[in-house]
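One-letter residues, chain by chain:
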Amino acid sequence: MIPLQFVTAFLMIFMGIYAFLYKRNLIKLILALNLIDAGIHLLLISLGYRLENGVLPTAPIYTGYETLKGTPMVGPIPQALVLTSIVIGVCVLSLAMALTINAYRHYGTLDVNKLRRLRG
Amino acid sequence: MRRTVGALSLLFILGMLLLIAHPNYGLKFGLGGEDWQKYRYTDQYYIDHGIEEVGGTNIVTDIVFDYRGYDTLGEATVLFTSIAGAVALLRKWREENGE
Amino acid sequence: MGSDMGLIVKTMARATIPLIGIFGAYVVAHGHLTPGGGFQGGATIAGAGILFLIAFGLNEAKTRINKNLYSALEGVGGLVFLIAGMLGLGVAFFYNTLWHNGPIFNGEPGTLLSAGYLPIMNLAVGLKVYTGLVSAVFAMALFRRWRK
């Protein structure tokens, strides 16, 4: 049985690739980029999960729960690196939005095919 | 023709992704016990020694700012560069001041 | 040109903007103790700033927000982060020298004044993210070069 969060993550990546192939609006392409990003984040976070003979893991935070030492905790490295990746996703979003606004101002349209035709 | 090839390649990609996700011969899900000690010893090291070495009780913050500090430095650089690029693309140009 | 929203949105924004800001400041300040950190808290405070911009309109926001100051503060946040990383340069880059033998931020693990340079870095990254996001959205709102 495939775990459900993997199916969800791969479905999100699949929908993003579909939108990349078949949509022609620039805003929708940016949304597809973010959808692929979110799917990859969900996949990486799911890989950090830990199942130790029936004991549910806890978040890797000790504040107020110092007695938790020794109990299973989920892996903190995927969470830290996904945090970095989220910031880079926000950066890509802002830069792509700026470029899209400039393209709309210059050409008057957001259609990719018309953008390719109207050169210069 | 192109749409058919696109749809077939998309189905192929989805099938391969689902094959990868299968726990028997793909991604192992929920490594625990011996596997965790064998493949994920860095995670276990950070969980065990994070408080003594760095001091924060939030292990994720310890990793982000101390163990993997260079990553955060690069992330800050990327953030600065992209915000500067967006502001520079959207500002008023000099020859268009008269509009 | 009135670009602000109606009375209901303005009243709700007046009520909720301080609460969002206080919550974001809490997330930034307790980044080494509770879930969250510099980036998340900074993004929360930036949400308050963007709500102000949307609810009260561009003309009101222009008088309150100085975008040159915000662009400068983003660079200041990055510099503070870099200097905090350089504090332990006698041993290595990003060495947490304040934690074991520093004069401050040396308390018991789990208290607010502990964990060496982590609170400084959280504040710096929070400031950087807040000012960066607000200045990016403000630049998008100020875009007035539409061709007639």
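Residues numbered from 1 in each chain as written. Chains lettered and ligands numbered in written order. Predicted model: local features only at pLDDT ≥ 70, side-chain atom pairs only at ≥ 80, totals over all residues.

## Brief notes about the overall build of chain C
For clarity, the cut-off: Segments assigned H or I by DSSP are reported as helices when at least four residues long, segments assigned E as strands when at least two residues long, and all are numbered from the N terminus. A radius of gyration in this sense is built from C-alpha atoms; the matching globule rule multiplies 2.2 Å by the number of residues raised to 0.38. Any two residues are considered in contact once their C-beta atoms, placed from the backbone, lie within 7 Å.
When helices and strands are counted, chain C shows 5 helices and 0 strands. Listing every helix and strand of chain C by position from the N terminus yields α-α-α-α-α. Against the 2.2 N^0.38 benchmark of 15 Å for 148 residues, chain C shows a C-alpha radius of gyration of 19 Å, more extended than a compact globule. Taking the principal axes of the C-alpha coordinates as reference, chain C spans close to 60 × 35 × 20 Å. For chain C, the proportion of contacts with a sequence separation of at least 24, taken over those separated by at least 6, is 65%.

## Details of the environment of Gly56(B)
Basically, it comes down to this: For every residue, the other C-beta atoms within 10 Å of its own C-beta are counted; 20 or more classify it as buried, 12 or fewer as exposed, and values in between as partly exposed. C-beta atoms are placed from the backbone.
Looking at the element boundaries, Gly56(B) is found in the loop between helix 3 (41-53) and helix 4 (59-67). Among the residues examined, Gly56(B) registers 32 C-beta atoms within 10 Å and is labelled buried. C-alpha of Gly56(B) to C-alpha of Ala7(B): the two residues are 49 residues apart in sequence and 50 Å apart in space. Residues in contact with Gly56(B), not counting those within four places in the same chain, are Thr61(B), Asp62(B), His32(C), Ala115(C) and Leu118(C).

## Re the domain arrangement of chain B
Quite often, the size of an interface is put as the accessible area lost when its parts meet. To keep things clear, this is the line we draw: Either an automatic procedure or a domain database provided the assignment from which the domain bounds are taken.
Domain annotation for chain B reports domain 1 (1-30) and domain 2 (32-92). The straight-line distance from the C-alpha centre of domain 1 of chain B to that of domain 2 of chain B is 31 Å.

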